[in-house]
Amino acid sequence: MSTSRTHQFIEEAELYGAHNYHPLPVVLDKAEGVWVWDVDGKKYMDCLSAYSAVNQGHRHPKIVQALKDQADRVTLTSRGFHNDKMGPMLKLLCEITGYQKALPMNTGAEAVETALKTARKWGQYVKGVPEGKQEIVVCAQNFHGRTITIITFSSDAQTKDGFGPFTPGFVTIPYGDVKALERAITPNTVGFMVEPIQGEAGVVVPPEGYLKACFDLCKKNNVLFIADEVQTGFCRTGRWFACDYEAIKPDIMVLGKALGGGMFPVSAIVADDAVMKVFTPGDHGSTFGGNPLGAAVAQAALEVLRDEKLDKRAAELGPYFMDRLRALNSRHIELVRGKGLLVGVVIKTASGKARPLCEKLMGHGILAKDTHEQVIRFAPALVITKEEIDWAVGVIGKVLA
Ligand SMILES: *Cc1c(COP(=O)(O)O)cnc(C)c1O
């Protein structure tokens, strides 16, 4: 129910904020674990988890403590000086991911840009591609962020409309098609960037073996395999990283979202020295990248994922959740797909669009967002319990009956 208080906050946002989003009409002012509350005290299960940035659950006490402690010491030094938090956090990140080096930024889009710059520079100085001729292959229906270079290779017309001119040097191929990658690679190809599961496209899982086959093709052609794990990473899909399912180690992994524990924007790329060595002082940077407040938060965020074994939890509860959704046998559900606790419910076109169903779910205490019109994404925090999943399935069953 919308109350006058809710209306007031929404009207203010509408009046003073640019209209670049179309949120569900709910105003939140409190959260804990998988739950959030609106300004009138109504409780909801958060099944979006800020697009998987809150894998550890809202306000995880250990991450809150790290944030508070660090706020009382030092929050920002810039990279003009060293701080005592960045090194330990990058060490842990490298240990967990198995890479030699990490380069910290803030948002996912910045980390993607960093990966693209890395691939181009590696292409020119290591692979020997002539300056300005570097090509990077990407997949249709991708989502990698919102900068001008990144939207250059978006398949979504709206995200590009009016924002040209765009950045040259990108080639788009269909997702899930190894042969298309083989055809797209030229002597000037320096990188292939791919999401292991396309989250924003509607939780699209590629055919089994696809990532491995693309990886092998990249190795054969001296092309960097870049995995954008911003959404799929950090235990969401039931492994630490979705690429782990095919036992491949990308040349560059792009990380963000849950690295900040739902509290602070922290992103990074990780790679081995053979790739990361292309950077020299002054090449690239960020005022806030590697800041001690974000580093302390990221350190705690990583420790929570590790200590609470949230990869195992997602691996166990994800299939349980999906099985129960399938067992609903709802006439509105075309298909349930996903990995771990990254779940997409595809709504039959005959049943209309997903958005009105999300509004109905909201009325019944579940917050979920439609993506690509026909899909509802369910991605609760990984600290969710079996009982909470049972409750959610009950509600979803009622709404989709
Ligand atoms: C969210 C997302 C990004 C962009 O991250 P921002 O922090 O919003 O810039 C990039 N890649 C993927 C796969 C994402 O899901």
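Computed from a predicted model, the values in this text were never measured in an experiment. (Residues numbered from 1 in each chain as written. Predicted model: local features only at pLDDT ≥ 70, side-chain atom pairs only at ≥ 80, totals over all residues. Heavy atoms only, no water.)

Each helix and strand in the chain was counted, giving 14 helices and 15 strands. What you see for the chain is a C-alpha radius of gyration of 21 Å, in line with the 21 Å of a compact globule of 401 residues. Dimensions of the chain, computed from the C-alpha atoms along their principal axes, are close to 60 × 55 × 45 Å. Across the chain, every contact between residues at least 6 apart in sequence was considered, and the portion connecting residues at least 24 apart equals 71%. By element, 54% of the accessible surface of the chain is carried by carbon and sulfur atoms, the whole surface being about 17,900 Å². (Helix = DSSP H or I, 4+ residues; strand = E, 2+ residues; numbered from the N terminus. Rg over C-alpha atoms; globule rule 2.2 N^0.38 Å. Contact = heavy atoms within 4.5 Å. Areas by Shrake-Rupley, 256 points an atom, 1.4 Å probe, with all protein chains shown as cover.)

Packed helices, taken two at a time, are described by their axes: the angle between them and the distance between them. Contact pair helix H4 (residues 86-97) / helix H11 (residues 292-307): the axes reach a minimum separation of 8 Å and the direction vectors enclose 30°. When the interaxial angle is binned, H4 and H11 end up roughly parallel. Helix-helix and strand crossings are classified by hand; for H4 and H11 the assignment is left-handed. Here Met86, Pro88, Met89, Leu92, Leu93 and Ile96 of H4 come into contact with H11, specifically with Ala295, Ala298, Gln299, Leu302, Glu303 and Arg306. (Axes fitted to C-alpha atoms, helices over the stretch in contact; angles between N-to-C directions. Parallel < 35°, antiparallel > 145°, perpendicular 65-115°, else oblique. Left-handed = near helix turned anticlockwise from the far one by under 90°.)

Turning to empty space enclosed by the protein, a few remarks are in order. This structure, assessed with the given rule, holds two cavities of 30 Å³ or more. Quantified by volume, the largest cavity comes out at close to 70 Å³. Around the largest cavity sit Pro196, Ile197, Val205, Pro206, Pro207, Glu208, Leu211, Ala242, Tyr245, Glu246 and Lys339, which together line it. A breakdown of the residues in the lining of the largest cavity according to their chemical character gives eight nonpolar, no polar and three charged. Looking at the second largest cavity, its volume works out to about 50 Å³. Lining the second largest cavity are Met89, Pro104, Met105, Asn106, Pro265, Val266, Phe288, Gly290, Asn291, Gly294 and Ala295. Broken down by secondary-structure element, the contributors of at least two residues to the lining of the second largest cavity are strand S4 (101-105) and H11. Residue composition of the lining of the second largest cavity, by class: seven nonpolar, four polar and no charged. (1 Å grid on protein atoms, 1.4 Å probe; cavity = no way out; pocket = protein on both sides within 12 Å on 5 of 7 lines; lining within 4 Å. Points joined across faces, edges and corners; volume = space filled by probe spheres on them. Nonpolar A, V, L, I, M, F, W, Y, C, P; charged D, E, K, R; others polar.)

Looking now at the sheet that holds strand S2 (residues 35-38). Taken together, four strands build an open sheet; the order of strands is S1-S2-S3-S13 and the sheet is mixed. What marks the edges here is a single partner per strand, and that holds for strand S1 (28-32) and strand S13 (366-367). With four bridges joining them, S1 and S2 adopt antiparallel strand pairing. Paired with alanine 31 across the strands is valine 36, a residue of S2. (Pairing = 2+ DSSP bridges.)

Within the secondary structure layout, serine 52 lies in helix H2 (residues 49-52). Note on serine 52: relative accessible area 1%, which makes it buried. For serine 52, the side chain forms a polar contact with the side chain of arginine 236, separated by 3.1 Å. In this structure, serine 52 is in contact with Gln231, Arg236, Lys257, Ala258 and Ala379, ignoring residues within four places of it in sequence. (Buried < 20%, exposed > 50% of the residue type's maximum accessible area, 1.4 Å probe, protein only. Polar contact = N/O pair within 3.5 Å; in protein donor to acceptor, adjacent residues only side chain to side chain.)

A few words on the layout of surface pockets. Considered as a void within the structure, the second largest pocket measures approximately 720 Å³ in volume. What lines the second largest pocket is a set of 26 residues, among which Tyr21, His22, Pro23, Leu24 and Val26 lie closest to the centre. Considering each element in turn, the lining of the second largest pocket owes the most residues, four residues, to helix H1 (residues 4-16). Among the residues making up the lining of the second largest pocket, the classes are represented as 18 nonpolar, five polar and three charged.

Glancing now at the sheet that holds strand S11 (residues 333-339). Within the open sheet, the four strands sit side by side as S11-S12-S15-S14. Their pairing is antiparallel. Looking along the sheet, the strands with just one partner apiece sit at the ends: S11 and strand S14 (369-371). In this sheet, adjacent strand axes meet at a mean angle of 30° when their direction is disregarded. Bridge count for S14 against strand S15 (residues 375-378) is three bridges, and the pairing is antiparallel. From the neighbouring strand, lysine 369 faces S15, where its bridge partner is arginine 377.

Here we take up the pattern of salt bridges. Counted under the stated rule, the structure contains 19 salt bridges. A salt bridge links glutamate 95 to lysine 91; its shortest N-O distance comes to 3.1 Å. Here the residue glutamate 95 and the residue lysine 91 both occupy positions in helix H4, the gap between them amounting to four residues, near one helical turn. The salt bridge involving aspartate 283 is made with lysine 121; its shortest N-O contact spans 2.9 Å. (Salt bridge = Lys/Arg side-chain N within 4 Å of Asp/Glu carboxyl O.)

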